[in-house]
Amino acid sequence: MSDYDAIIIGGGPAGSSSAALLAEMGHRVLLLEKTTFPRYHVGESLMPFCWFMLNRLGVTGKMDEIGFQQKKSVQFATTDGRISAPFYFFQHFDHPAATTWQVERADFDLMLLDNARAKGAEVRENTTALEFLKDGERVTGVRARSGDEDAFEVTATVTLDCTGRDALFQRKHGWRKRDPMLNKISIWTFFKGAKRDPGLDEGATTIAYLPEGGWFWNIPLRDDIVSSGIVAERDYLYRDTRDPAEIFAREIHNNAWIHDHLSAGEQFGQYWVTGEYSYRAEHCATDGLVLVGDAFAFLDPVFSSGVFLALKSGEMAADAVHAALEKGDTSASAFASYGEQLCSHIEVMRKLVYAFYDPEFSFGKLIRMHPDLRGKLTDCLIGNVEGQDYSDLAAAMAEIAELPAELDYGHVPAGV
Ligand SMILES: Cc1cc2nc3c(=O)[nH]c(=O)nc-3n(C[C@H](O)[C@H](O)[C@H](O)COP(=O)(O)OP(=O)(O)OC[C@H]3O[C@@H](n4cnc5c(N)ncnc54)[C@H](O)[C@@H]3O)c2cc1C
């Protein structure tokens, strides 16, 4: 008899959503989180279809109560400052999900972790999972440590690795495979008092282009704060300095819209840098273990898919684990369909990301060539990936851009 039905490592959106759902379904759940919440995390802009998972978790009311900045649209700015007509989600679908949010992740992740606790998951913060316990190839639990105390062992029928980009199992087993074309660098920071667009556009995410395929994100948050970041190729960013503040100051002059908006405000806090952009694990599961959220795969954040995929995979993993526990079979094969579906959702977004970086491609060009696909493109961009066939959209994009073949890994190990 294991100590728990499920151990969840990591209390980000993937971990706290799967913990809340499994606890709600009556399972004995332990969640280990290495930090103490609230803690800073990058990734503030949500996709509209996050609403459906947040609604199942029962927190949409809480989101409004906290008062996160509402996001009703996305817009694109050319290097000379021309802005596309904002793409309003409510023009595409009439549903509460058409208004989404820009969230300070410290508050958002705390809300989700508290929700997991309230649903009955036992949450231990300041507790780091150090390694996996195994019986042969089967994962049977973890060895962990709380603060400076002695390490302890805890067992579970199934373990969910939700450790984000730390990706504990991937790292320990050499399972990480990078997406060669999407290996960018990002530098980001915050501004107070920057220019905000008026009315409906106040909370819009703006993607502002830089030369050589780079781009800025501009994400307006509460309290007159803007999250601002650059994503670009290493050679482009580091061409004359490696100092993030100098690079940032230089690149602001390479997009007139960004210059106009940020120069009204004042930068504060540190500059953050991350590399090793997009990757996927060799497999999504092994006997007694499932990989969820960024601990499984990470995709370039240009379309704000990260939190959506973390919540979605958290929900899918919880349902798969629940079925496996009920059946009494938590071998890797119980997670085959989880892996198939998750990879297919990621592939839809991955094609869009490749198209975005292709110098020949623009959404305007695609829609002019295929006006009938506007709705499908929008569905893709808002996260409506479940049960959809996007092959016609992919074929149309492939007329303009070089799209990647689907990755043949990320599934359960062959032969299980
Ligand atoms: C530059 C950049 C910009 C981004 N912008 C966006 C955006 O605008 N919108 C968006 O949706 N996404 C964005 N993302 C992606 C988003 O941040 C992630 O996809 C999302 O946070 C994944 O959630 P998660 O729960 O899988 O992992 P995380 O949110 O990273 O949570 C993992 C948790 O596990 C804990 N942990 C790690 N190791 C251990 C351990 N050994 N033991 C115990 N706990 C552990 C960590 O402390 C952490 O709390 C961006 C990412 C980057 C890099």
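Residues numbered from 1 in each chain as written. Predicted model: local features only at pLDDT ≥ 70, side-chain atom pairs only at ≥ 80, totals over all residues.

## As for the overall build of the protein chain
Here is step 1: Tallying secondary structure elements over the protein chain gives 13 helices and 20 strands in all.
Here is step 2: Taken over the C-alpha atoms alone, the protein chain extends approximately 65 × 45 × 45 Å along its principal axes.
Here is step 3: In the protein chain, which comprises 416 residues, the proportion classed as buried is 48%.
Here is step 4: Taking all contacts inside the protein chain whose residues are at least 6 apart in sequence as the whole, residues at least 24 apart take part in 74%. (Helix = DSSP H or I, 4+ residues; strand = E, 2+ residues; numbered from the N terminus. Buried ≥ 20, exposed ≤ 12 C-beta atoms within 10 Å, placed from the backbone. Contact = placed C-beta atoms within 7 Å.)

## Focus on the site of the ligand
Here is step 1: Close to the ligand lie 38 residues; Gly12, Gly43, Gly164, Gly293 and Gly306 are nearest.
Here is step 2: When contributions to the shell around the ligand are tallied by element, the ones reaching two or more residues are helix 1 (13-24), strand 8 (127-135), strand 12 (185-192) and helix 9 (306-327).
Here is step 3: Along the lines of polarity and charge, the residues of the shell around the ligand split into 15 nonpolar, 17 polar and six charged. (Near = placed C-beta within 6 Å. Nonpolar A, V, L, I, M, F, W, Y, C, P; charged D, E, K, R; others polar.)

## A few points about the environment of threonine 60
Here is step 1: In this structure, threonine 60 sits in helix 3 (residues 60-66).
Here is step 2: With 18 C-beta atoms counted inside 10 Å, the residue threonine 60 sits in the partly exposed group.
Here is step 3: In this structure, the C-alpha to C-alpha distance between threonine 60 and threonine 189, residues 129 residues apart in sequence, is 28 Å.
Here is step 4: With residues near it in sequence (within four places) discarded, threonine 60 still touches Trp51, Leu54 and Asn55.

## Examining the sheet that holds strand 14 (residues 215-220)
Here is step 1: Strand order in this open sheet of seven strands is 5-4-13-14-15-12-16, and the pairing throughout is mixed. Lying at the two open borders of the sheet, with one neighbouring strand each, are strand 5 (87-88) and strand 16 (266-274).
Here is step 2: Two elements, strand 12 and strand 16, share six bridges in a ladder whose sense is antiparallel. Of the residues in strand 16, the one forming a bridge with serine 186 is threonine 274. (Pairing = 2+ DSSP bridges.)

## A word on unusual backbone geometry
Here is step 1: At the junction of phenylalanine 37 and proline 38, the peptide bond is cis and its omega measures out at 0° in the coordinates.
Here is step 2: Mapping proline 38 onto the fold places it in the loop between strand 2 (29-32) and helix 2 (50-57).
Here is step 3: The phi dihedral of glutamate 212 falls on the positive side, at around 60°, and the residue is not glycine.
Here is step 4: Looking at the secondary structure, you find glutamate 212 in the loop between strand 13 (205-209) and strand 14.
Here is step 5: With a phi angle near 65°, aspartate 224 is a residue other than glycine that sits in the positive phi range.
Here is step 6: Looking at the secondary structure, you find aspartate 224 in the loop between strand 14 and strand 15 (225-232).

## Observations concerning the sheet that holds strand 11 (residues 176-178)
Here is step 1: The three strands are arranged 11-17-20 in an open sheet whose pairing can be described as antiparallel. Single-partner strands in this sheet number two, and they are strand 11 and strand 20 (297-298).
Here is step 2: In this structure, strand 11 lies alongside strand 17 (residues 279-281), joined through three bridges in antiparallel fashion. Directly across from arginine 176, in strand 17, lies its bridge partner alanine 281.

## Thoughts on the environment of alanine 14
Here is step 1: Tracing the backbone shows alanine 14 in helix 1.
Here is step 2: Once residues lying within four places of it in the same chain are set aside, the contact partners of alanine 14 are Cys162, Val292, Gly293, Ala310, Ser313 and Gly314.

## Observations concerning the domain arrangement of the protein chain
Here is step 1: Split by domain assignment, the protein chain resolves into domain 1 (1-68 + 103-179 + 279-416) and domain 2 (184-274).
Here is step 2: A C-alpha centroid distance of 27 Å is found between domain 1 and domain 2.
Here is step 3: The partner domain 2 presents twelve residues to the eleven residues of domain 1 that form the contact.
Here is step 4: Per-class residue counts for the side of domain 1 that touches domain 2 are five nonpolar, three polar and three charged. (Domains from an automatic or database assignment.)

## Some words on the pairing of strand 15
Here is step 1: For strand 15, the buried fraction is high: eight of the eight residues fall into the buried class.
Here is step 2: Side chains Ile225, Ser227, Gly229 and Val231 project from strand 15 onto one buried face, and the interleaved Val226, Ser228, Ile230 and Ala232 project onto a second face that is buried too.
Here is step 3: In this structure, strand 12 lies alongside strand 15, joined through eight bridges in antiparallel fashion. Residue pairing for strand 15: lysine 192 is matched across the bridge by isoleucine 225.
Here is step 4: Note that strand 14 and strand 15 share six bridges and pair antiparallel. Considered in strand 15, the bridge of isoleucine 219 is made with serine 227.

## Some words on the packing of helix 9 against helix 10 (residues 336-357)
The description of two helices packed together rests on the angle between their axes and the distance between the axes.
Here is step 1: Helix 10 packs onto helix 9 with a crossing angle of 165° between their chain directions and a minimal axis gap of 10 Å. Overall, the two elements helix 9 and helix 10 adopt an arrangement that is roughly antiparallel. Between helix 9 and helix 10 lies a crossing whose hand is right-handed. Within the contact between the two elements, helix 9 uses Leu309, Lys312, Ser313, Met316, Ala317 and Ala320 and helix 10 uses Tyr338, Gln341, Leu342, His345 and Ile346.
Here is step 2: Grouping the constituent residues of the contact of helix 9 with helix 10 by class yields seven nonpolar, three polar and one charged. (Axes fitted to C-alpha atoms, helices over the stretch in contact; angles between N-to-C directions. Parallel < 35°, antiparallel > 145°, perpendicular 65-115°, else oblique. Left-handed = near helix turned anticlockwise from the far one by under 90°.)

## As for the packing of helix 1 against helix 9
Here is step 1: Relative to each other, helix 1 and helix 9 sit at 35°, their axes nearing to 8 Å. Helix 9 is crossed by helix 1, and the crossing has right-handed handedness. Along its contact with helix 1, which presents Pro13, Ala14, Ser17, Ser18, Leu21 and Leu22, the element helix 9 presents Val307, Ala310, Leu311, Ser313, Gly314, Glu315, Ala317, Ala318, Val321 and His322.
Here is step 2: For the contact of helix 1 with helix 9, the per-class residue count stands at ten nonpolar, five polar and one charged.

## Structural notes on helix 7 (residues 244-252)
Here is step 1: Those residues of helix 7 not exposed but buried are Ile247, Phe248 and Glu251. In an axial view of helix 7, the angular spread of the buried residues amounts to 100°, which keeps them on one side of the axis. (Arc of directions from axis to C-beta.)

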